[in-house]
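Below are the chains, spelled out letter by letter.
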Amino acid sequence: MKRTCIAFVLMLICFHSYGQKPRARDLGVPFVGITGEFNAITDVKGVEVGYSTIISGKGENVLGKGPIRTGVTAIFPRGKAKKFSPVYANWYSLNGNGEMTGTTWVTESGFLETPIMITNTNSVGVVRDAVLKWYVDTDWYSGENWWYTYPVVAETYDGFLNDIYGFHVKEKHVLEAIKNTSSGRISEGNVGGGTGMMCLGYKGGTGTSSRVIKIKDSSYTVGAIVQSNFGAKRNLSIAGVPVGIELKDTLNYEFNAPPKSRRQEGDGSIIIIVGTDVPLLPHQLKRIAQRIPLGVGIVGGRGSNGSGDIFLAFSTANENAFNRDEIVKVQSIPNDQLMPVFEATVQAVEEAIINAMVAAETMEGINGNKAYAIPHDLLVKTLKKFNRIKEQ
């Protein structure tokens, strides 16, 4: 046991030295499936993600001044350099106590025409307006006289750590998230829109994962990114182990002076975006979005009455599918071959949520309220107790 503890400490020192946070697999958490190079939604070719993270102040909450623990996340299915390049998409809500703007047109048209932005509950409006202005300033529609657009902006609530009624997300933060978008390895935990979020009894936030699958003779990628802010600790399950019950006496949330609220244990929200290069039509992407809650349920989500569990799936295939004037030819895989995509979706969602928790760090917010990070050493010890991690 002593040797294992020393190895664990050395691993954490190594990650700290290289400026990289450990992820769930680094702790030995077992998952099913083969990941892409970065184990992120950005393994889907073309997808870019960017953040603006806003952290300032401490102590008593002074409305409009802070403390501030919030941010913005930007997701571009084909990268921002592509400008207007719609992708087939669809969405699904497990429980609708939340918001994702623009979704009615996504279902009606079958296309996602804009980037996806994620922020806190009270900042949806300013983010939407800022994106619209960015479209104009950058000629997003490439000279077309486009007379309507519906930005997709989603949210989860960070008001137990953040001065949420101080409205601290501004246009500059939206532009910063957009500017920072990139492919490759992306940050997790207390970043972007996930900065002030909590999850299943511990600090939550932003997480991502991917799976590489084969259908016939072709390889494809399925990736997920989550803004995780949901669930009761008693339901937390990792690798099939009742971690929440096993760690019921460890620190989780500490509210010294929480805002007046009807919030019950398990309330909160989770936004999940799944992207893939599998050639799928909008009705098939609806089926993908409907499988996302299975991954949420595996880790302990129950679709609480006070939770906004809203999901969107898109495909980067069929790049020239959108055309207002000409008939186009598109590809799609048969429904009978969808099962690998279903499985990859569930697997990637499960791992993305756990990655968000593992990467998150203890955060103190308004009025000294604290959300504690899940203790890595106790998590590893618990998984070993149930023989889910083998002794080294």
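Everything below is about the structure shown above.
Residues numbered from 1 in each chain as written. Predicted model: local features only at pLDDT ≥ 70, side-chain atom pairs only at ≥ 80, totals over all residues. Heavy atoms only, no water.

A. Up close: the side chain of Asn355. Inspection of the secondary structure puts Asn355 in helix α7 (residues 339-359). Here Asn355 is in contact with Arg23, Ala24, Asn39, Glu188, Thr208 and Ser209, once residues within four sequence places are set aside. (Helix = DSSP H or I, 4+ residues; strand = E, 2+ residues; numbered from the N terminus. Contact = heavy atoms within 4.5 Å.)

B. Structural view of the sheet that holds strand β1 (residues 48-56). Spatially, the four strands line up as an open sheet ordered β1-β2-β5-β6, and their pairing is mixed. Each edge of the open sheet is held by one strand with a lone partner, namely β1 and β6 (152-156). Between one strand axis and the next, the sheet turns by 15° as a mean value, whatever way the strands run. Its contacts with the sheet put helix α4 (residues 171-179) on β1, β2 (68-76) and β5 (116-120), and the angle it makes with β1 is roughly 140°. (Pairing = 2+ DSSP bridges. Axes fitted to C-alpha atoms, helices over the stretch in contact; angles between N-to-C directions.)

C. Looking closely at the packing of aromatic side chains. Counted by the stated rule, this structure contains 15 aromatic pairs. The interplanar angle of 65° and the centroid separation of 6.1 Å between the aromatic rings of Phe76 and Trp140 together place this pair among those described as edge-to-face. You can see Phe76 sitting in strand β2 and its partner Trp140 sitting in the loop between α3 (124-138) and β6, a full 64 residues away along the chain. Across the pair, Trp140 and Phe76 agree in class, each one buried. Here Trp134 and Trp140 contribute two aromatic rings whose centre-to-centre distance is 5.4 Å and whose plane-to-plane angle is 45°, an arrangement assigned as tilted. Look at Trp134 and you get buried, because its relative accessible area is 12%. Connected via pairs of aromatic rings, a cluster forms that spans Phe76, Phe84, Tyr88, Phe111, Trp134, Tyr135, Trp140, Tyr141 and Phe322. Taking NZ or CZ as reference, Lys286 lies 5.8 Å from the ring centre of Trp91, over its face. (Phe/Tyr/Trp six-rings, centres within 6.5 Å; stacked < 30°, edge-to-face > 60°. Buried < 20%, exposed > 50% of the residue type's maximum accessible area, 1.4 Å probe, protein only. Lys NZ or Arg CZ within 6 Å of the ring centre and 35° of its normal.)

D. Summary view of unusual backbone geometry. Of the consecutive residues Gly66 and Pro67, the connecting peptide bond is found in the cis state with omega at 10°. Relative to the helices and strands, Pro67 is located in the loop between β1 and β2. Even without glycine at this site, Asn367 takes up a positive phi of about 55°. Relative to the helices and strands, Asn367 resides in the loop between β14 (363-364) and β15 (370-371).

E. Region of interest: a nonpolar patch on the surface. Taken together, the side chains of Leu63, Tyr165 and Phe167 make up a nonpolar region of the molecular surface, amounting to roughly 360 Å² of accessible area. Inspection of the secondary structure assignment puts Phe167 in the loop between β6 and α4. Under the relative-accessibility criterion, Phe167 is labelled partly exposed at 42%. (Patch = residues over 30% accessible without salt bridge, like charges linked within 9 Å, V, L, I, M, F, W, Y side chains within 5 Å. Areas by Shrake-Rupley, 256 points an atom, 1.4 Å probe, with all protein chains shown as cover. Salt bridge = Lys/Arg side-chain N within 4 Å of Asp/Glu carboxyl O.)

F. Representation of the nonpolar core within the structure. Of all hydrophobic cores here, the largest spans 55 residues; its most connected members are Ile238, Val243, Ile272, Val274, Val341 and Ile353. For this core, the secondary structure elements donating two or more residues are β9 (205-215), β10 (218-231), β12 (266-276), α6 (282-299), β13 (307-315), α7 and α8 (376-385). The element best represented in this core is α7, accounting for eleven residues. Not counting chain neighbours up to four residues away, the residues in contact with Ile353 comprise Cys199, Val226, Ser228, Phe230, Ile270, Gly295, Val296 and Val299. (Core = buried A, V, L, I, M, F, W, Y, C linked by side-chain atoms within 4.5 Å.)

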